Amino acid sequence: MATTGKVIKCKAAVAWEPKKPMTIEDIEVAPPQAHEVRLKVVATGVCHSDYYILYEGGKEHGFPCVLGHEGAGIVESTGPGVTRFKPGDKVIPLFVSQCGECQLCLSDKTNQCVKNWTVDEKNMESKSRFTCKGKVIIQFMGTSTFSEYTVVREVALTKISDSAPLDKVCLLGCGISTGYGAAINTAKVQPGSTCAVFGLGAVGLAAVMGCQAAGASRIIAVDINKDKSSKAKEFGATDFVNPKDYKKPIQEVLMEMTDGGVDFSLECAGNVDVMRCALESTRRAWGVSVIVGWVDVKDVSTKPVDLICGRTWKGSYFGGWKSVQSVPKLVSDYMDKKIKVDEFITHTLPLEKVNEAFDLMITGKSIRTVLKM
């Protein structure tokens, strides 16, 4: 391509500082270095984690930055040493890398990797290929899909089917895969079991879908937005419960509904108080509760006896999927109509309206907004 080896100037949504709206800027994207790939972003989902970093996470996450980690695009050029990709390939960048060689990658106990972008947060600026107005712009999670072009490491990228619609499968880069996998891989929901899913954004609805796929006989969807009821049932929920409709704690309501608690619960709201509610809603002798919602600035707590008596409390990162090898399979499952993706998309907007996409999400008016470049 004519741009190979050259700096590309393009539009990106830059977050200059915490708690301030992003602004659309002209940025410079440097050519990829060794074992890196530069790609043209075609579409990207807007995830709550992006909002969290900007408005709740604090300065420690690094600013100025370009957010976005749920994208899909086409390879523009490759750096020295790259062998698995070529210009024109359809790809999904990954915030969870998979080098395939480290102790973590070789273990079936985790989907993490020692080469994850977040492992070496002190050197985020040196790893960025973005500049704007003479300043280095940090690439959030090593992906930064709120940009027309981005550069990612070869170990944090996966090739997908040439026939896959990028404005749909981009969502498999985070939200859908995270919730769906949390139910199937992390909770390991069993056929005939009873489940509760707290928080019905894209991740929560994907968790509902995962519970149904695993054969759960009863799936209770929990959210304070009454408008989420019909959507939850579209994805497989058998019941909808709004905590605002009850005077007693929601965990007590669920315990009564299920004669002692659900077998599995998944917290997808990113709220430490809800995390405890989700745990306490499970059956005391064998309940499993999975934390899926991302929070890193608050503590979560419970009474030790709630674990001593048999409950299990665990977390799920990207749904437990080994990223490079699993995402193409999830894309294939979507293409074969085995999992839903289109049904998550409620709004499609241009990059310039990224702040509006945040507003739609926080006010509960959207499930997933896709930004098209």
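Heads up: these notes are all about the structure in this document. Everything quoted here is computed from the prediction, not taken from an experiment.

**Things to note about the pattern of salt bridges**
Should their charged atoms come close, side chains of opposite charge can pair.
Reasoning step 1: Using the criterion set out here, one finds 16 salt bridges in the structure.
Reasoning step 2: Between Arg 368 and Glu 70 there is a salt bridge, with the nearest N and O atoms lying 2.9 Å from each other. Of this pair, Arg 368 sits in strand β18 (residues 368-372) while Glu 70 sits in the loop between β4 (65-66) and β5 (71-78), placing them 298 residues apart in sequence. In this structure, Arg 368 and Glu 70 share a single accessibility class: buried.
Reasoning step 3: The partner of Asp 89 in a salt bridge is Lys 86, with the nearest N and O atoms 2.8 Å apart.

**Let's talk about the pairing of strand β15 (residues 288-291)**
Reasoning step 1: Of the two faces of β15, the one holding Val 288 and Val 290 and the one holding Ser 289 and Ile 291 are both buried throughout.
Reasoning step 2: Across four bridges, the pairing between strand β14 (residues 264-267) and β15 is parallel. Of the residues in β15, the one forming a bridge with Glu 267 is Ile 291.
Reasoning step 3: Handedness of the crossover is the feature at issue here: the chain leaves β14, passes through helix α8 (residues 272-280), returns alongside β15, and the resulting connection is right-handed.
Reasoning step 4: Bridging between β15 and strand β16 (residues 312-315) involves four bridges; their strand directions are parallel. Considered in β16, the bridge of Ile 291 is made with Gly 315.

**Re helix α11 (residues 354-362)**
Reasoning step 1: When α11 is considered as a whole, its buried residues turn out to be Val 354, Ala 357, Phe 358, Leu 360 and Met 361. In an axial view of α11, the angular spread of the buried residues amounts to 160°, which keeps them on one side of the axis.
Reasoning step 2: Two residues or fewer after α11 comes Gly 364, characterised by a positive phi angle close to 75°.

**Some points on the sheet that holds strand β8 (residues 135-139)**
Reasoning step 1: In space, the five strands of this closed barrel follow the order β1-β2-β7-β8-β4, with mixed pairing throughout.
Reasoning step 2: As judged from the two bridges shared by strand β2 (residues 23-29) and strand β7 (residues 130-132), these two strands associate in the antiparallel manner. Directly across from Val 29, in β7, lies its bridge partner Phe 130.

**Here we look at the environment of Cys 102**
Reasoning step 1: When you line up the elements, Cys 102 lands in the loop between β6 (90-93) and α2 (124-127).
Reasoning step 2: Owing to a relative accessible area of 10%, Cys 102 belongs among the buried residues under this scheme.
Reasoning step 3: Put simply, Cys 102 and Cys 113 are eleven residues apart on the chain and 6.8 Å apart in space, counted from C-alpha to C-alpha.
Reasoning step 4: Setting aside chain neighbours within four positions, we find Cys 102 in contact with Cys 113 and Val 114.

**A short note on the packing of helix α4 (residues 175-187) against helix α5 (residues 202-213)**
Reasoning step 1: One way to put it is that α4 packs onto α5 with a least axis distance of 7 Å and a crossing angle of 40°. As the angle between them shows, α4 and α5 are arranged oblique. Note that α4 runs across α5; the crossing there is right-handed. Contact residues: α4 offers Gly 175, Ile 176, Thr 178, Gly 179, Tyr 180, Ala 183 and Ile 184, while α5 offers Val 203, Ala 206, Ala 207, Met 209, Gly 210, Cys 211 and Ala 213.

Parameters at a glance
Counting from 1, residues in each chain are numbered in the order their sequence is written. Per-residue local features are limited, in this predicted model, to residues with pLDDT of at least 70; the limit for side-chain atom pairs, both in listing and counting, is 80 or more; totals at the level of whole chains, interfaces and linings are taken over all residues. Just so you know, side-chain values use all the structure's heavy atoms and leave hydrogens and water out. The rule for a salt bridge is simple: a side-chain nitrogen of Lys or Arg has to be within 4 Å of a carboxyl oxygen of Asp or Glu. A helix here means a DSSP run of H or I that spans at least four residues, while a strand means a run of E at least two residues long, and both kinds are numbered starting from the N terminus. For the exposure calls, accessible area comes from a 1.4 Å probe over protein chains only, and a residue counts as buried if that area is under 20% of its type's maximum, exposed if over 50%, partly exposed in between. Whether two strands pair comes down to DSSP finding at least two bridges between them. Whether a crossover is right-handed depends on one test, that the path from the first strand over the helix to the second runs clockwise when the strands point away from the viewer. Arc definition: it is the arc formed by the directions from the helix axis to the C-beta atoms. Residue contacts are defined here by distance: any two heavy atoms, one from each residue, within 4.5 Å place the two residues in contact. To obtain an axis, a line is fitted to C-alpha atoms, over the contacting stretch when the element is a helix, and the angle between two such axes runs from 0 to 180 degrees between their N-to-C directions. By the definition adopted for this analysis, an angle is roughly parallel if under 35 degrees, roughly antiparallel if over 145, roughly perpendicular if from 65 to 115, and oblique otherwise. Each helix crossing is assigned a hand: it is left-handed if the near helix lies turned anticlockwise from the far helix by less than a right angle, otherwise right-handed if that turn is clockwise.

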